[in-house]
Amino acid sequence: MKPREIVPGVLAVGAQDFDRRLFDALIPLPDGTSYNAYLVRGGDKTALIDAVEPSKLDVLMATLRDVPRIDYLVSNHTEQDHSGGIPWVLERYPGVELLASEPAKPMLVHHLGLAEGRIRTVADGEKVQLGQKTLRFIYTPWVHWPETMSTYLEEDRILFSCDWFGSHMASTELFVDGADAVREEAKRYYAEIMMPFRKIVQTNLDKVADLHIRLIAPSHGPVYRDPGSIIAAYRDWTDDRPHNSVVLPWVTMHGSTTIMVERLVAGLAERGVQVFPFNMAVADVGQLAMRLVDAATIIVAGPTVHAGPHPAVLNAAVLANELRPKVRFASVVGSYGWGGRMIEVIKGAMTNLKLEFLEPVIARGLPKAADLEAVDKLADAVVRKHADLGLK
Ligand code: FEO
C-alpha cells in the first residue's frame, strides 16, 4: 500500500497484517493487526514515528522508497512490533537522530543491540521543531511498557499514542469514526496489556485531557477521527466501579461441574446479574480478558485433577491475577473424587487481586440437592455483595 495522507504533511507508512493470529505466543488476534508508522513533514525537517514489526519491514522499506531524508526517528515504545525496523532505518538514513524517552534508552540497547551513542533521549514535555510542525513528547508510562511515550503534533493536534488507544485489527480503512466500530478490538487490547496498569492509565488520561486532541493515531488499528469516544471508553474501563457482572471460567471432565455451572448461570441471570461463562477447554482468552475489564466477581469452576484444580481453570485464575482487573469478589465451584486442595490453590493463584472470597461450593462426584442449594446461596451472596456496591 502507498503512503496515505492523514492531514497535509502527515502520512501513514506502516503495515497491515491480516494473517497474524497470535501475539506474544498468548494473545489471540481474530482480526489480525497492524503496525502503524507515521511520517511527519514539517517543511524543514522530517520525522518518522515508530518503525513496524520486523516481519513487515519490507512494507516500510517500500513506503519509504521515495523518501530521501529522515531527520528524526521517534521510538515511542521499545517493543519489537514498533521498534523492529529501527536498525534498518538507522542504516538507510545515517544522519537520522533516534529520539526516545530516557527509560527507553537502555531498553533499546538491550532489545535491539543499538549503540548507546546512537540514541538521543528526550525529556517529558520536550519539543522538536520540524519547521511548520512541532512534535512534543509526553511520557505515558505503562501503555504498554514503562518506557513508553506518546508524541503530540501540536499544529495538527494529533496524538501518536502507540499501543495506547490501539486495537489489534488489520483494515484497509485508514480512519474510524468513533470507538463503537472498534470497541471490541480496542477493549480486548486494553484488557490484555494495559489493564494491569489501570491506575497509571488514568493518570495518563488526565495528562492529555487538556490537549484538545483532534486525531488519535495509534500504532495498531485505525486512526480515530472522534478521539472523544475512545477516551470515554478508556475512562469507563479504568474507572474503579465494576459492572453488575460475573466472569465464570469453567471446565468439566465428566459433567458434574457442568450441572453446577448451569445452575449458577441460571440463578445469577434470574437475579439480574449478567454472567459471562467461558468453557476454558475452548475459550478465547482475549474474550475472557475483555469481560474481566468490567466484572465485579470471578467464580472459577472445575473438577479436581489428582490433588489440585483442573489446569485449564487454574490458568484462568493465573491470567486474571496477571491482568489485575477491578474485580472485587471471588468464589470456587467444582467437584472432587477423593480430596484435593482446589480451593487453596485457586485462592493462592489470585493474590494480586484484592478479593473477598464468597463461600465455595464443592461437591463430591455428582452434585446432590444440597450442593445445588449451596449454588443458589452463592448466587444470593453475589447479588447481596453487588447490591452493597450499588451495582444494578
Ligand atoms: Fe504494540 Fe507493546 O507493543
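For the structure itself, look to the data block above.
Colleague: Looking at this structure, how should I read the nonpolar core?
Modeller: Note on soluble globular proteins: their nonpolar side chains tend to be buried together. Leu-159, Trp-164, Phe-165, Met-194, Ile-230, Tyr-234 and Met-350 are the most contacted members of the largest nonpolar core, which has 60 residues in total. In terms of residue count, helix 10 (residues 311-323) provides more of this core than any other element does, seven residues in total. Contacts of Phe-165, omitting those with residues within four sequence positions, involve Leu-159, Leu-205, Ile-216, Pro-218, Tyr-224, Ile-230, Ile-231 and Tyr-234.

Colleague: Quick question: what am I supposed to make of the packing of aromatic side chains here?
Modeller: Note on aromatic pairs: each is described by the distance of the centres and the angle between the planes. Throughout the structure, instances matching the rule amount to seven aromatic pairs. Centroid distance Tyr-38 to Phe-160: 5.1 Å. Interplanar angle 50°. Geometry classified as tilted. Here Tyr-38, found in strand 7 (residues 38-41), pairs with Phe-160, found in strand 15 (residues 158-162); they are 122 residues apart in sequence, far enough to count as distant. Judged by relative accessible area, which is 1%, Tyr-38 ranks as buried. Through pairs of rings, three or more aromatic residues link up here, namely Trp-164, Phe-165, Tyr-190, Tyr-234 and Trp-237. Sitting above the plane of the Phe-357 ring, Lys-347 keeps its charged end 5.0 Å from the centroid.

Colleague: What exactly am I supposed to notice about the pattern of salt bridges here?
Modeller: Pairs can form between side chains of opposite charge whenever their charged atoms are close. According to the stated counting rule, one finds 19 salt bridges in the structure shown. Close ionic contact of Glu-97 with Arg-120 constitutes a salt bridge, the shortest N to O distance being 3.3 Å. With Glu-97 in strand 10 (residues 97-101) and Arg-120 in strand 11 (residues 119-122), this pair connects stretches of sequence that are 23 residues apart. A residue is classified by how much of its surface remains accessible, and Glu-97, at 30% relative accessible area, is partly exposed. Note that Lys-187 and Asp-294 form a salt bridge whose closest N and O atoms lie 2.5 Å from each other. Residue Lys-187 is located in helix 5 (residues 183-194), and its partner Asp-294 is located in the loop between helix 9 (285-292) and strand 21 (297-305); the two are separated by 107 residues in the primary sequence. Each of the salt bridges in this network shares a partner with another, and the network as a whole consists of Glu-97, Arg-120 and Glu-126.

Colleague: What's the story with helix 5 in this structure? I'm lost.
Modeller: An α-helical turn contains 3.6 residues, so any two residues separated by three or four positions project in the same direction. Taking burial as the measure, the twelve residues of helix 5 include ten buried ones, the bulk of the element. Those residues of helix 5 lying buried are Glu-185, Ala-186, Lys-187, Arg-188, Tyr-189, Tyr-190, Ala-191, Glu-192, Ile-193 and Met-194. Against strand 5 (27-28), helix 6 (198-207), strand 18 (223-224), helix 7 (227-238), helix 9 and helix 10 lie the buried residues of helix 5.

Colleague: Could you clarify how one ought to interpret the sheet that holds strand 7 in this entry?
Modeller: Two pairing modes exist for strands in a sheet, parallel and antiparallel, and in both the strands are linked by backbone hydrogen bonds. Strand order across the open sheet formed by seven strands is 1-2-7-8-9-10-11, with mixed pairing between neighbours. For this open sheet the edge positions go to strand 1 (4-7) and strand 11, each flanked by a neighbour on one side alone. If you compare each strand with its neighbour and ignore which way they point, the axes differ by 30° on average. Where strand 9 (residues 72-74) lies against strand 10, three bridges are found, and the strand directions are parallel. Within strand 10, the position partnered with Leu-73 by the bridge is Leu-98.

Colleague: I'm lost on unusual backbone geometry in this one. Help?
Modeller: If a residue is not glycine, its phi is most likely negative; likewise, a peptide bond is most likely trans. Residue Phe-165 is not a glycine yet carries a positive backbone phi of 70°. Considering the arrangement of structural elements, one finds Phe-165 in the loop between strand 15 and strand 16 (175-176). Judged by its relative accessible area of 0%, Phe-165 is buried. With a phi close to 55°, His-306 is a non-glycine residue in the positive phi region. With respect to the helices, strands and loops of the structure, His-306 is situated in the loop between strand 21 and strand 22 (308-309).

Colleague: In this structure, what is going on with the environment of Asp-236? I would like to understand it.
Modeller: Structurally, Asp-236 can be placed in helix 7. Taking the C-alpha atoms as reference, Asp-236 lies 8.7 Å from Asp-294; in sequence the two are 58 residues apart. The residues touching Asp-236, leaving out its near neighbours within four places in the chain, are His-243 and Lys-326.

Colleague: Would you mind showing me how to read the pairing of strand 15 here?
Modeller: Successive side chains on a regular strand alternate, one facing one side of the sheet and the next facing the other. Most of strand 15 sits out of view: five of its five residues are buried. Residues Ile-158, Phe-160 and Cys-162 of strand 15 are buried on one face, and the alternating residues Leu-159 and Ser-161, pointing to the opposite face, are buried as well. Direction of pairing for strand 14 (residues 149-153) relative to strand 15: antiparallel, over a ladder of three bridges. Residue pairing across strands places Tyr-152 opposite Leu-159, the latter belonging to strand 15. In sequence, strand 14 turns back onto strand 15 through a hairpin of four residues, with Arg-157 there showing a positive phi of about 55°. When strand 15 meets strand 17 (residues 215-218), the two strands line up parallel, connected through four bridges. The residue bridging Cys-162 from the neighbouring strand is Pro-218, located in strand 17.

Colleague: Honestly, the side chain of Glu-53 in this entry has me stumped. Any pointers?
Modeller: Among the secondary structure elements, Glu-53 is positioned in the loop between strand 8 (46-49) and helix 1 (57-63). Those residues in contact with Glu-53, other than ones at most four positions away along the chain, are Arg-20, Tyr-35, Gln-80 and Asp-81.

Colleague: I'm lost on the side chain of His-310 in this one. Help?
Modeller: With respect to the element layout, His-310 can be found in the loop between strand 22 and helix 10. At 3.0 Å, the side chain of His-310 and the backbone nitrogen of Ala-312 are in polar contact. Among all residues touching His-310, those that are not within four sequence positions of it are Val-251, Met-253, Pro-303 and Val-305.

Colleague: Looking at this structure, how should I read helix 6?
Modeller: Among the residues of helix 6, those classed as buried are Arg-198, Val-201, Gln-202, Asn-204 and Leu-205. With its buried residues spanning 165° around the axis, helix 6 presents them on a single face. Buried positions along helix 6 lie against strand 13 (134-139), helix 5 and helix 7.

What counts and what doesn't
Residues numbered from 1 in each chain as written. Predicted model: local features only at pLDDT ≥ 70, side-chain atom pairs only at ≥ 80, totals over all residues. Heavy atoms only, no water. Core = buried A, V, L, I, M, F, W, Y, C linked by side-chain atoms within 4.5 Å. Buried < 20%, exposed > 50% of the residue type's maximum accessible area, 1.4 Å probe, protein only. Helix = DSSP H or I, 4+ residues; strand = E, 2+ residues; numbered from the N terminus. Contact = heavy atoms within 4.5 Å. Phe/Tyr/Trp six-rings, centres within 6.5 Å; stacked < 30°, edge-to-face > 60°. Lys NZ or Arg CZ within 6 Å of the ring centre and 35° of its normal. Salt bridge = Lys/Arg side-chain N within 4 Å of Asp/Glu carboxyl O. Pairing = 2+ DSSP bridges. Axes fitted to C-alpha atoms, helices over the stretch in contact; angles between N-to-C directions. Polar contact = N/O pair within 3.5 Å; in protein donor to acceptor, adjacent residues only side chain to side chain. Arc of directions from axis to C-beta.

So, to be careful, I would describe these as geometric facts and stop short of saying anything about function.
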